[in-house]
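Breakdown of the fold
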Amino acid sequence: MGLRNVQADVALPSAARAAGTFTSGPVAAAGGAADVLLTVHCTAATGTTPTLDASLEESADGSSWTAVPGSAISQLTAAGNRIAYAAVTKNYVRVTSTVAGTTPSVTYRAAVWIRPE
């Protein structure tokens, strides 16, 4: 069996983000069931107890989104990297992330790799 094509994109570009929820647009039309790899690269986290959570959401139509079970990264509280893997069954995928803490500033980017069926 040969190698398959993979779609990849930076869903959330590197930026310093304060407290809040940040969601990418649809990353790609995954089509059918697909394997998705979420990577998060955090280069800085300041403030009092800063935290970063990220996960995947999927949608059949690109406008109504639901969480992908098991796609959350382990929470980041300092600079570092996290990877999560999930299978999706709907056409579109996006990344959602939340920064929390007291006056946090977290610099990170999130990327996805999608292997369509």
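Residues numbered from 1 in each chain as written. Predicted model: local features only at pLDDT ≥ 70, side-chain atom pairs only at ≥ 80, totals over all residues. Heavy atoms only, no water.

1. Comments concerning the overall build of the chain
Within the chain, the secondary structure is distributed over zero helices and seven strands. Ordered by position in the sequence, the α and β elements of the chain form the string β-β-β-β-β-β-β. Against the globule reference of 13 Å for 117 residues, the chain gives a C-alpha radius of gyration of 14 Å, in line with a compact fold. Here the chain holds 117 residues, and 38% of them are scored as buried. The contacts in the chain between residues at least 6 apart in sequence include a share of 80% that link residues at least 24 apart. Seen as two clouds, the 7 positive and the 7 negative side-chain charges of the chain have centres 6 Å apart. (Helix = DSSP H or I, 4+ residues; strand = E, 2+ residues; numbered from the N terminus. Rg over C-alpha atoms; globule rule 2.2 N^0.38 Å. Buried < 20%, exposed > 50% of the residue type's maximum accessible area, 1.4 Å probe, protein only. Contact = heavy atoms within 4.5 Å. Lys, Arg positive; Asp, Glu negative; His and termini not counted. Charge placed at Lys NZ, Arg CZ, Asp CG, Glu CD.)

2. Observations concerning the side chain of threonine 96
Here threonine 96 shows up in strand 7 (residues 92–115). A residue is classified by how much of its surface remains accessible, and threonine 96, at 13% relative accessible area, is buried. With sequence-adjacent residues up to four places away left out, threonine 96 is seen in contact with Thr21, Phe22, Thr23, Asp53, Ala54, Ser55 and Glu57.

3. With respect to the packing of aromatic side chains
For the coordinates displayed, the defined rule picks out zero aromatic pairs. In this arrangement the basic side chain of arginine 17 is found over the ring face of phenylalanine 22, its NZ or CZ atom lying 5.8 Å from the centre. Stacked on the ring of tyrosine 108, the Lys or Arg arginine 17 has its end atom at 4.5 Å from the ring centre. (Phe/Tyr/Trp six-rings, centres within 6.5 Å; stacked < 30°, edge-to-face > 60°. Lys NZ or Arg CZ within 6 Å of the ring centre and 35° of its normal.)

4. Things to note about the pairing of strand 7
Examined bridge by bridge, strand 1 (residues 7–17) and strand 7 share eight bridges and lie antiparallel to one another. From the neighbouring strand, leucine 12 faces strand 7, where its bridge partner is alanine 110. Across four bridges, strand 2 (residues 20–23) lies against strand 7 in antiparallel orientation. Across the sheet, phenylalanine 22 pairs through a bridge with serine 97, a residue of strand 7. (Pairing = 2+ DSSP bridges.)

5. A few points about the pattern of salt bridges
If the charged atoms of two oppositely charged side chains come close together, the side chains can form a pair. Applying the stated rule across the entire model yields two salt bridges. Here aspartate 35 and arginine 115 are joined by a salt bridge, their closest N and O atoms 2.5 Å apart. Of this pair, aspartate 35 sits in strand 4 (residues 34–59) while arginine 115 sits in strand 7, and the two are 80 residues apart along the sequence. For glutamate 57, the salt bridge goes to arginine 94, with nearest N and O atoms at 2.6 Å. Residue glutamate 57 is located in strand 4, and its partner arginine 94 is located in strand 7; the two are separated by 37 residues in the primary sequence. Arginine 94 carries the same exposure label as glutamate 57, and that label is buried. (Salt bridge = Lys/Arg side-chain N within 4 Å of Asp/Glu carboxyl O.)

6. Topic: the nonpolar core
One finds Leu38, Val40, Leu56, Val95, Tyr108 and Val112 to be the most contacted residues of the largest nonpolar core, which totals 25 residues. Mapped by element, the contributors of at least two residues to this core are strand 1, strand 4, strand 6 (80–88) and strand 7. Among all residues touching valine 95, those that are not within four sequence positions of it are Ala11, Leu12, Phe22, Thr23, Ser24, Leu38, Ser55, Leu56, Ala110 and Val112. (Core = buried A, V, L, I, M, F, W, Y, C linked by side-chain atoms within 4.5 Å.)

7. Observations concerning the confidence of the model for the chain
Summing up the model confidence of the chain, the mean pLDDT is 91 and the portion of residues at 70 or higher is 94%. When the elements of the chain are averaged for pLDDT, strand 3 (residues 28–29) gives the smallest value, 65, and strand 2 the largest, 98. (pLDDT = per-residue confidence, 0-100.)

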